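# Geometric and topological summary
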Amino acid sequence: MFWLTRSVNLGNRVRDRNILRWIATNHCSSVNNSTFSIIKHHIFYAATNDLSAELFHHFHASTQEAMEEFVLFDFTKLPNLHGWSEMSDVVREVGMSKAVLVLQKTQRFQRGVLFTMLNPQPNGAGFAGFRTDTELDLSDYNTLRLHCRGQGENYGYKVVLRHKNENTEPFPSYEQMFQAPNRKFETVDLPLAGFEPYYRGKKQNQSAPLDKSQITNFEFQIYGGVYLPVKQAGTSSLEIDWVKAVP
């Protein structure tokens, strides 16, 4: 990113309209908010000095949408699933569930698919999912948005977050349940304020709230329903196009 900010910092001296236009057009989705501010400042300088008011408005329009959302995972474009790993109830002696995450690639589309076989205990204890380590600062965002659909025997899922590199027990996880759209792709919104601390399926009222600025693990999970009135078991699939953070 050094070369990018250096080029922009030179903008008010060399006044190179073509360089600034190229940056605005090609890099608006790959820089953070602080770099956006730097670029915007120098293009604004150019515009107010009669260089190109059109350029400023072009950049503003190009970056506005990118600043309004942050793509965490785009399964329609990922080349592979390196870094993702299974997290199911077989980590415990009595566990019998299974999850598989794959990229479905056809001649027309690509997406992620989480296949699960849920074999819970009689009280509903059981889960199956996939997770990945992350380094996410979501301080500027209020909601996670998923584009997905469910098929099969069950539609109750969770997104599970962990923070501050507290990615394993005995630390709590931060969870929010949702119902996958039934056989039809739709967006599902999960307010970040709605992620609450749990430990082995039980809510932990005394734990600290989720730190949005240090999200270090992300997980998709299907649950058996321990401590819940509704129990789930059997085979299911969750098809996922993407996950975004929005203000």
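See the structure printed just above.
The present account deals with the structure reproduced in this document.

The rules we used
Per chain, residue numbering runs from 1 following the sequence as it is written. Confidence filtering applies because this is a predicted model: local features only for residues at pLDDT of at least 70, side-chain atom pairs given and counted only at 80 or more, and all residues used for totals across whole chains, interfaces and linings. Hydrogen atoms and water are omitted, and side-chain values are computed over all heavy atoms in the structure. Helix and strand assignments follow DSSP, with helices taken as H or I runs no shorter than four residues and strands as E runs no shorter than two, numbered in order from the N terminus. Exposure categories follow from relative accessible area, calculated using a 1.4 Å probe and restricted to protein chains: below 20% of the type maximum is buried, above 50% is exposed, and the middle band is partly exposed. Two residues qualify as a contact provided that any one of their heavy atoms is within 4.5 Å of a heavy atom in the partner residue. Only the protein chains shown count as cover for residues, and the accessible areas themselves come from Shrake-Rupley with a 1.4 Å probe. Put simply, a nonpolar core is a bunch of buried Ala, Val, Leu, Ile, Met, Phe, Trp, Tyr and Cys residues held in one set by side-chain atoms that sit within 4.5 Å of each other. Within 6.5 Å between ring centres, the rings of Phe, Tyr and Trp (the latter by its six-membered ring) count as paired, and their orientation is classed by plane angle as stacked under 30 degrees, edge-to-face over 60, tilted in between. Look at NZ for Lys and CZ for Arg. If either is within 6 Å of the ring centre and within 35 degrees of the ring normal, a charge sits over the ring. A pair of strands is labelled paired if DSSP reports no fewer than 2 bridges between them. Grid points spaced at 1 Å and placed over the protein atoms alone form the basis of the search, with a cavity being a set where a 1.4 Å probe fits but cannot get out and a pocket an open set showing protein on both sides within 12 Å along at least five of seven lines. Lining residues have an atom within 4 Å of a point. Grid points are joined across faces, edges and corners, and a volume is the space filled by probe spheres set on the points.

## Overview of the overall build of the chain
Summing up its helical and strand segments, the chain has five helices and 13 strands in all. Buried positions account for 46% of the 247 residues belonging to the chain. Sequence-distant contacts in the chain: of pairs separated by 6 or more residues, those separated by 24 or more amount to 73%. As displayed, the chain has an accessible area near 13200 Å², and 50% of this comes from carbon and sulfur atoms.

## Some details on the nonpolar core
Membership of the largest hydrophobic core comes to 38 residues, with the highest contact counts inside it found for Leu-144, Val-159, Leu-161, Phe-178, Phe-218 and Phe-220. Sequence-distant contacts of Phe-218, that is, excluding residues within four places in its chain, are made with Leu-72, Phe-73, Trp-84, Phe-130, Arg-131, Thr-132, Thr-134, Leu-144, Val-159, Val-160, Leu-161 and Val-243.

## Re the packing of aromatic side chains
One pass over the structure, following the stated rule, counts ten aromatic pairs. Here Phe-75 and Trp-84 contribute two aromatic rings whose centre-to-centre distance is 5.8 Å and whose plane-to-plane angle is 50°, an arrangement assigned as tilted. The pair formed by Phe-75 and Trp-84 is uniform in burial state, with each residue classed as buried. A centroid spacing of 6.5 Å and a plane angle of 80° characterise the contact between Trp-84 and Phe-218, whose relative ring orientation is edge-to-face. In this pair, Trp-84 sits in strand E2 (residues 84-86) while Phe-218 sits in strand E12 (residues 215-223), placing the two residues 134 residues apart along the sequence. The exposure class of Trp-84 is buried, given its relative accessible area of 13%. When the ring centre of Phe-109 is taken as origin, the NZ or CZ atom of Arg-111, which lies over that ring, is 4.1 Å away. The side chain of Lys-244 reaches across the aromatic face of Trp-242, ending 4.2 Å from its centre.

## Notes on unusual backbone geometry
That bond from Glu-169 to Pro-170 is cis: its omega, 15°, falls within 30 degrees of zero. The topology assignment puts Pro-170 in the loop between strand E7 (156-163) and strand E8 (173-179). Despite not being glycine, Arg-200 has its phi angle at roughly 50°, a positive value. Structurally, Arg-200 can be placed in the loop between strand E10 (196-199) and strand E11 (202-203).

## Considering the sheet that holds E2
Across the sheet, which stays open at both edges, the seven strands sit in the order E2-E5-E12-E7-E8-E10-E11 with antiparallel pairing between neighbours. Edge positions in the sheet fall to E2 and E11, since each of these pairs with one other strand and no more. Examined bridge by bridge, E7 and E12 share seven bridges and lie antiparallel to one another. When the bridges of E12 are listed, Leu-161 appears paired with Phe-218.

## A few points about the pairing of strand E5 (residues 127-136)
Burial runs high along E5: eight of the ten residues are buried. Relative to E5, E2 is paired through three bridges, and the arrangement is antiparallel. For Ser-85, the partnering residue across the bridge sits in E5 and is Arg-131.

## Observations regarding the layout of surface pockets
If you add up the space inside the largest pocket, you get close to 580 Å³. If you list the elements that add at least two residues to the lining of the largest pocket, you get E5, E7, E8, E10 and E12.

## Observations regarding the environment of Gly-112
Mapping Gly-112 onto the fold places it in strand E4 (residues 110-118). The sequence separation of Gly-112 and Thr-76 amounts to 36 residues, and the corresponding C-alpha distance is 7.4 Å. Apart from residues lying up to four places away in sequence, Gly-112 is in contact with Phe-75, Val-102, Leu-103, Leu-238, Glu-239 and Ile-240.

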